[in-house]
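The lines below spell out each chain.
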Amino acid sequence: MTSENHTTVKVDTSMVMSPTGSATQGSPVSPSTSKPMPELPDELVQAGWSKCWSKRENRPYWFNRFTNQSLWEMPVLGQHDVISDPLGLNAAPAEGTGDAGVGNGQRKRRLSEEAAQGGPNSFKRSKIEVGIPVTPTTPIVPISPITPGAKPWNSTTGTEDKPGQHSMPAPAPYRPSVIYWDLDVQTNAVIRERPPANHLPPHPEMELQRAQLTTKLRQHYHELCYQREGIEPPRESFNRWLLERKVLDKGPDPLLPSECDPIISPSMFREVMNDIPIRLSRIKYKEEARKLLFKYAEAAKKMIDSRNATPDSRKVVKWNAEDTMNWLRRDHSASKEDYMERLDHLRKQCGPHVAAVAKDSVEGICTKIYHISAEYVRRIHQAHQTLLKDCNVSDPEAADVQDRLVYCYPIRLALPSPAQPRVELHFENDIACLRYKGEMVKVNRSYFTKLELLYRYSSIDDPRFEKFLSRVWCLIKRYLVMFGAGVNEGTGLQGALPVPVFEALNKQFGVTFECFASPLNSYFKQFCSAFPDTDGFFGSRGPFLNFSPASGSFEANPPFSEELMDAMVTHFEKLLEKSSEPLSFIIFVPEWRDPLTPALHRMETSAFRRHQMSVPAFEHEYRSGSQHICKKEEMYYKAVHGTVVIFLQNAAGFAKWEPTPERIQELLAAYQVSRRALGSPGPSSAPTTLSPASAGGSGDKDSIAAKTAPERSASLDTSPARQDNSSSSSNPVEKTTPPSETASV
């Protein structure tokens, strides 16, 4: 019986929930029952029973404030089994025999039976095997609020049950209809014990300030691009700037860079230069190609006239631009291919000269954004330190860390968390809404349940869930700020593999760990993510570039940032060279070959490469990066580029998880999408700028996906953007390398 359908005969107004059904973290609120009615026997009143009124059924019922039991008939002590008969419809008459609380001859379930019947994500005790390293700082049993001396967390209302308060019958727990994770998989990743991290603990006030300053930084970037170059910022370029900077950054902030060398970002510089003098988009019709050619010639001529260019540059650009305009005036019978060929020729002739005059200005944009970011980091860090000082949070003593191998465990913070402010929670259909100071974040109710499960497993400092809502708010707010405010912006950074692929990886290759994930999109409960301060409470092992496993089987699907992927390969090879234990990495990266990315080239020529295969474009799918808030029918989208799957393994890893033809076939079968109707091509985390050749040569299928195609931006020398070259193949291409002596450690 839910609180909206059942009320008490008499209600204490100070104890009733708000009409919106919201619950707060700082002061939990519970629904109230009526005061004991005089017609009840004294023994029932002392046992916690009271008489209430049901609006839905229009008749009275009896409720026990101590056990949360609800009965339609007047209760009889010792005759009701809550598990088998929640409403007491089959309760036996007064004199029952046998165990107390057992009615109708049914035996009451024991705790051991309940544990044995747990669901896929139920909390169960892990098996401890002799000789296997154990997590040093966390208990084997996942942390649960249902411990002696702690009050249980109510995920439906977001409150605790307080002693002395009367509460209405709680609704049935929310159970997702579709689950996109498996939190029962135990890890096989082994690491050396490590001390707690020195990150500052998250706080909603500081997260709100970080969000405001990051939004201002995005606005500065937009204004600088428009004022200095007359262009809109390349799509997603700010997000990729954050990724590329954090590979090098040694500053204190988890999101904004402040200590990088070099200051000028190659990623931002490359993408802005690629849109000068105008952005080239994929075209479909002849008239669009003609307009694009005219605009490029006009913009190049205007730019070379307004900048401090050399006489030779002015002469070359002006002559080519005027020649193109004259050709457009006299030739009206050209085809789309003719226009695109002419545009390609014009870019080759004018591009280097245009880039030369714009170089200093674009470098100024990159430098200005970096220095503003460093100033914002200083402000945030100073305010955070002041907040911790006001909350009397001081530096703890250094933790004693032993030099031993242990199973990987969530990252811990050295500083204790300060007192958390109130965060309001209410549900709108299947959406959980959390509000702090008017700033609301939303998440699907099923993913809210997932975060609760991860928190039970990983958090060790909050058994009563008193800080749960504020930490969820900080987590979701952080990823919203990183994504950006545009439609589908940033969601490509969080794209994930389909569930059947994860199942095949775990079954065939023993994969239990994700190298690039988040609490929102992870499949396993053990993963690495970008933000250790907010994500550690939900199972994150910290950033992967700071994570050094000695053994285990891992899946890596990195964000499509060239600098990040290159750093990933460097880290993989160091780990494989160092370890003699079984170590395996299965990497999923886009098939960018025009020109070939350094990361893909290094993996294909690595001594640790054991197998390689390509999955063609439009024949496989990804899970949306906005899966925690999107609709069910928008969960999957087609991949508009080919994907390369590469196995990097040391000798022991190859012996244990060898990519045999049978296992590879199972993995490919999991990629089949014929059983599910796919939506349109999904959001991109890469720029959509295209070269004339790729824009003109694409067919209708490519044109449909143009606006969201994850393409790599062109380099400074105006070389064409990346274009997948696997869509013409109908079957995945496989390359197998036999184990070599050079791969042995």
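Look above for the structure.
Residues numbered from 1 in each chain as written. Predicted model: local features only at pLDDT ≥ 70, side-chain atom pairs only at ≥ 80, totals over all residues. Heavy atoms only, no water.

*Asks:* So what about the nonpolar core? Which residues, and what values?
*Replies:* The nonpolar side chains of a soluble globular protein tend to be buried, and buried together. In this structure, Phe448 and Phe585 are the most contacted members of the largest nonpolar core, which totals 160 residues. Of all the elements, helix 8 (residues 336–390) adds the most residues to this core, at 19 residues. If we skip the residues at most four places from it in the chain, Phe585 touches Cys515, Phe544, Phe554, Phe572, Leu575, Leu576, Ile646, Phe647 and Leu648. (Core = buried A, V, L, I, M, F, W, Y, C linked by side-chain atoms within 4.5 Å. Buried < 20%, exposed > 50% of the residue type's maximum accessible area, 1.4 Å probe, protein only. Helix = DSSP H or I, 4+ residues; strand = E, 2+ residues; numbered from the N terminus. Contact = heavy atoms within 4.5 Å.)

*Asks:* Give a description of the state of the cysteines that names residues and reports values.
*Replies:* Put plainly, two cysteines are in a disulfide when a covalent bond ties their sulfur atoms together. Under the defined criterion, the tally for this structure stands at zero disulfides. Cysteine Cys366 shares no disulfide, and the gap to the nearest cysteine sulfur, in Cys225, comes to 8.4 Å. Taking the relative accessible area as the measure of exposure, Cys366 reaches 2% and is therefore buried. (Disulfide = S-S within 2.5 Å.)

*Asks:* Break down the packing of aromatic side chains for me, citing the residues and quoting the values.
*Replies:* Tallied over the entire structure, the rule returns 29 aromatic pairs. With 5.1 Å between their ring centres and 55° between their planes, Phe509 and Phe647 make a pair best called tilted. Separated by 138 residues along the polypeptide, Phe509 in helix 11 (residues 499–509) and Phe647 in strand 19 (residues 643–649) bring together distant segments of the chain. Taken individually, Phe509 and Phe647 each receive the classification buried, so the pair is uniform in this respect. Aromatic rings pair up to connect Phe513, Phe516, Phe544, Phe547, Phe554, Phe572 and Phe585 into one cluster. The ring of Phe531 has Arg478 lying over it, and the distance from NZ or CZ to the ring centre is 4.9 Å. Note that Arg610 overlies the ring of Phe654, its terminal NZ or CZ placed 4.9 Å from the centroid. (Phe/Tyr/Trp six-rings, centres within 6.5 Å; stacked < 30°, edge-to-face > 60°. Lys NZ or Arg CZ within 6 Å of the ring centre and 35° of its normal.)

*Asks:* Please set out the environment of Ala530 residue by residue, giving values where relevant.
*Replies:* Its location among the elements puts Ala530 in the loop between strand 13 (513–514) and helix 12 (532–535). In this structure, the C-alpha to C-alpha distance between Ala530 and Tyr479, residues 51 residues apart in sequence, is 9.7 Å. With residues near it in sequence (within four places) discarded, Ala530 still touches Tyr479, Ala517, Asp535 and Pro543.

*Asks:* Describe the environment of Ala599, with residues and values.
*Replies:* On the secondary structure map, Ala599 appears in helix 14 (residues 598–604). The exposure class assigned to Ala599 is buried, which follows from its relative accessible area of 4%. Between the C-alpha atom of Ala599 and that of Val589, which follows or precedes it by 10 residues, the distance is 9.2 Å. The contacts of Ala599, once residues within four sequence positions are left out, are Met565, Asp566 and Val569.

*Asks:* Mind laying out the pairing of strand 19, listing which residues take part and the relevant values?
*Replies:* Consecutive residues of a regular strand have side chains that alternate between opposite faces of the sheet. With respect to burial, strand 19 is a largely interior element, seven of its seven residues being buried. Residues Thr643, Val645, Phe647 and Gln649 of strand 19 are buried on one face, and the alternating residues Val644, Ile646 and Leu648, pointing to the opposite face, are buried as well. The sheet contact formed by strand 15 (residues 583–590) and strand 19 spans seven bridges and is antiparallel. Note on strand 19: the bridge partner recorded for Val589 is Val644. (Pairing = 2+ DSSP bridges.)

*Asks:* Any details on the pattern of salt bridges? Residues and values, ideally.
*Replies:* In this structure the tally under the stated criterion is 29 salt bridges. One salt bridge connects Arg378 with Glu375, and the closest N-O pair in it is separated by 2.7 Å. Highlighted residues: Arg378 and Glu375, both in helix 8, separated by three residues, approximately one helical turn. Judged by relative accessible area, Arg378 falls into the partly exposed class, the value being 45%. (Salt bridge = Lys/Arg side-chain N within 4 Å of Asp/Glu carboxyl O.)

*Asks:* I'd like to hear about the packing of helix 6 (residues 286–306) against helix 8, residue by residue, with values.
*Replies:* A packed helix pair is summarised by two numbers, namely the angle formed by the two axes and the spacing between the axes. Two numbers describe how helix 6 lies on helix 8: the axes approach to 10 Å, and their chain directions differ by 20°. Classified by the angle between their axes, helix 6 and helix 8 sit roughly parallel to one another. Between helix 6 and helix 8 lies a crossing of left-handed hand. Contacts between helix 6 and helix 8 involve Lys286, Ala289, Arg290, Leu292, Leu293, Tyr296, Ala297, Ala300, Met303 and Ile304 from the former and Lys336, Tyr339, Met340, Arg342, Leu343, Leu346, Arg347, Gly351, His353, Val354, Val357 and Ala358 from the latter. Grouping the amino acids of the contact of helix 6 with helix 8 by side-chain chemistry returns 15 nonpolar, two polar and five charged. (Axes fitted to C-alpha atoms, helices over the stretch in contact; angles between N-to-C directions. Parallel < 35°, antiparallel > 145°, perpendicular 65-115°, else oblique. Left-handed = near helix turned anticlockwise from the far one by under 90°. Nonpolar A, V, L, I, M, F, W, Y, C, P; charged D, E, K, R; others polar.)

*Asks:* Kindly report on helix 5 (residues 266–274), identifying the contributing residues and their values.
*Replies:* Buried residues dominate helix 5, accounting for eight of its nine residues. Buried within helix 5 are the following residues: Ser267, Met268, Phe269, Arg270, Glu271, Val272, Met273 and Asn274. Summarising the contacts, the buried residues of helix 5 are in contact with helix 3 (204–229), helix 4 (237–248), helix 8 and helix 13 (562–578).

*Asks:* Give a description of unusual backbone geometry that names residues and reports values.
*Replies:* For the peptide bond that leads from Asp261 to Pro262, omega is 10°, which places it in the cis range. Among the secondary structure elements, Pro262 is positioned in the loop between helix 4 and helix 5. Here the residue pair Asp594 and Pro595 is connected by a cis peptide bond, since its omega of 0° sits within 30 degrees of zero. With respect to the secondary-structure elements, Pro595 resides in the loop between strand 15 and helix 14. One non-glycine residue with positive phi stands out, namely Lys437, at about 50°. Tracing the backbone shows Lys437 in the loop between strand 11 (431–436) and strand 12 (439–444). Of the residues examined, Lys437 reaches a relative accessible area of 57% and is grouped as exposed. Despite not being glycine, Phe465 has its phi angle at roughly 60°, a positive value. Within the element layout of this structure, Phe465 appears in the loop between helix 9 (445–458) and helix 10 (468–483).

*Asks:* I'd like a description of the packing of helix 3 against helix 10, backed by residues and values.
*Replies:* At a minimum axis separation of 10 Å, helix 3 and helix 10 run at an interaxial angle of 5°. Considering the angle they form, helix 3 stands roughly parallel to helix 10. Packed against helix 3, whose contacting residues are Pro204, Glu207, Leu208, Arg210, Ala211, Thr214 and Arg218, the element helix 10 presents Ser470, Trp473, Cys474, Lys477, Arg478, Val481, Met482 and Phe483 at the interface. Among the residues making up the contact of helix 3 with helix 10, the classes are represented as eight nonpolar, two polar and five charged.

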